[in-house]
Amino acid sequence: MIDFAKFAKYSKSAPRYTSYPTAVEFHQKFGKQELKESLARNDAFDTQESKLPLSLYVHLPFCRSACYFCGCNVIYTSKEDKKDRYISYLKKELEILKTLMNTHREVVQFHFGGGTPTFFDARQLGEVIALIKDTFQNFAPDAEISCEIDPRYFEESQMKVLKDGGFNRLSFGVQDFDNLVQEAIHRFQDTELVKSAVSLARAYHIDSINFDLIYGLPHQTITSFMETLQKVISLCPDRLAIFNYAHVPWIKKTMRKIDESTLPPPQTKLEILEKTIAFLARNGYEMIGMDHFAKKSDELYIASQKNQLRRNFQGYTTKGFSQTIGIGLTSISEGKDYYAQNYKDMALYESALDRGEMPIERGIRLSDEDMLRKDVIMSLMNTLKLEFKDIEQRYKMDFKQHFYKELQELSHYQEIGILKVDHSGIYTTQTGGLLIRNIAMVFDEYLTKIPQEEHKFSKSV
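Residues numbered from 1 in each chain as written. Predicted model: local features only at pLDDT ≥ 70, side-chain atom pairs only at ≥ 80, totals over all residues. Heavy atoms only, no water.

Asks: Before we move on, could you go through the pairing of strand β16 (residues 360-365) and cite the residues and values that matter?
Replies: β16 sits mainly inside the fold: 5 of its 6 residues count as buried. Inspection of the sheet shows strand β15 (residues 338-342) paired to β16 by 5 bridges, in the antiparallel sense. Considered in β16, the bridge of Gln-341 is made with Arg-362. (Buried < 20%, exposed > 50% of the residue type's maximum accessible area, 1.4 Å probe, protein only. Helix = DSSP H or I, 4+ residues; strand = E, 2+ residues; numbered from the N terminus. Pairing = 2+ DSSP bridges.)

Laid out in C-alpha cells, this is it:
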C-alpha cells in the first residue's frame, strides 16, 4: 500500500523531459546558419550503413475558443482566411526546407498537432497533406500517420481526407467527462459526442485510437475520475495518454481563469493515478512509460516490449529514434545533436519566410555530455529503468564512475523505497514510476545552474 501523504511531499517543479536539454535551454544564438549546418550533418548520418529516418510534425495552431487547461501554442480565431493564409506560408517553409536537406529520406512518422487540426476543414487539410507529400515522397509502408482530433470539430469529409492521405492513427482530446470539470476548464463535450466521433473513425477502419485524459484538473476527485474512466472504457480506445495537469499560469494566461483552490492536492493526484493504473490493468491496458497505457495488441505496447519506445514533444512514439522535422509556427525539430524551434509570433514567422529564410527563432547544439545525459534520462522516461551496460557500450565509459555523484543522490530515493540500484542498473518501484520525473532530474546537469526558486516547470505530482 502506497503512503500517499508521505510521497506527496516530493511534488516539485520538474521538467516533463519531452527533450533534453529542456526547451528553457534553447537560445537565439542558434539561428538559420546553425540550423542549416545541423540539417546537413544529420543528412550525413543517413547512409547505407546507418539509417536515420524522418518524423514530420506539422503544427496547425488555430482554435475557435480557449480551453483553460491547455498549455499549447494556439491562436484563437473564427476567420477562414487566416487558415488559408497560414497554409500559403507552410508552402513557403517547405520550399525553403527542400534546399537545405535531403527530403527523399524515409519518413516513418507524420503527425498533425495543434491548436485544433480539425478546425481546418476537409479542403484545407487536404492541401496541407498534399504539400507534405509533394515535399517528402518516401513514406515507409508502415509509417505511423496521426492526427489530433477535437470531437467538437470532426466531420466525415475530414475523416475521408485523412484516410485518403494515409492516416492510420487518431488521438481524441477527451480530458474529463465530468460536467463540473468541463465547465471549469471551458471544454464542453459529452460522452455521446465522443462516441459518435470514435464510431466515425472506426467506420473508416482506423485501428489505433488514442484518448488524451488529464488528472489534476479543477474539481476532480477520485470518484469523479473513476466515473470518467468507466465511460472511457466503454468506448474502447486502443491506447490512452493520461497526463498530469501542468498548471503554469505565468506562461499561459488562460490558466489564470482557473480557481487554484479547486485543484486537487498532490496527495489526491497520486491516489487518482494509482487507482487509474490499477483500474486500467484490470481492463486490459498496460502502463507504458510514465503516462501512457495501451492494449497488448497496440503498437505502443509492442514497441515497449522491443525497447523501441521514444519520448518526444508528442509523448511516446513507436519507431525508435528518428530525426523530427518541425514545420509551422512554434514547431520544434530534433536531430541526433540539435533542437531547433520556429518563431512563436506569427508576424515574425511570416516575415522570415517572406525573406526566403527558415523561420528559426532559437535552438541548441548538443554537446557529447548532453547526448549522454539525454540517453540516460530518456531511457528512464521510456522504460522506468536503466541498464548500465546499454549506456556503457554505447558511450565507451564506466557508468558508476561517470555518474558517481548522481548515484549517491539516488541513494536517498532508494532508502525510501522509490527505486533500487544494484550492480546492473536502476529499477523503479511502483511508487518510483509515479515519481519518475524526480528521478530523471538527478541526471539533469542544467538544473544545478538554476536556483530552485527559479525553476519554471510544472509540479511533478
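Asks: Give me the lowdown on the packing of helix α3 (residues 80-100) against helix α11 (residues 346-354), citing residues and values where you can.
Replies: With their axes 10 Å apart at the nearest point, α3 and α11 run at an angle of 45° to one another. Of the possible angle classes, the one that applies to α3 and α11 is oblique. Considering how the two elements wind past one another, α3 and α11 form a crossing that is left-handed. On α11, the residues that touch Arg-85, Tyr-86, Tyr-89, Leu-90, Lys-92, Glu-93 and Ile-96 of α3 are Met-346, Tyr-349, Glu-350, Leu-353 and Asp-354. Of the residues assigned to the contact of α3 with α11, the class counts are 7 nonpolar, no polar and 5 charged. (Axes fitted to C-alpha atoms, helices over the stretch in contact; angles between N-to-C directions. Parallel < 35°, antiparallel > 145°, perpendicular 65-115°, else oblique. Left-handed = near helix turned anticlockwise from the far one by under 90°. Contact = heavy atoms within 4.5 Å. Nonpolar A, V, L, I, M, F, W, Y, C, P; charged D, E, K, R; others polar.)

Asks: Residue-level account of the sheet that holds strand β17 (residues 385-387), with values.
Replies: Taking strand neighbours across the sheet as the criterion, the 3 strands line up as β17-β19-β18 in an open arrangement whose pairing is antiparallel. Both outer strands of the open sheet, β17 and β18 (419-421), are each paired with one neighbouring strand and no more. With direction set aside, neighbouring strand axes in the sheet form an average angle of 15°. Note that β17 and strand β19 (residues 425-428) share 3 bridges and pair antiparallel. Among the inter-strand pairings, Leu-386 is bridged to a residue of β19, identified as Ile-426. Taken strand by strand, helix α13 (residues 388-395) contacts β17, β18 and β19, and its axis lies near 50° from that of β17. Its contacts with the sheet place helix α15 (residues 404-415) against β18 and β19, and it is angled at close to 135° to β18.

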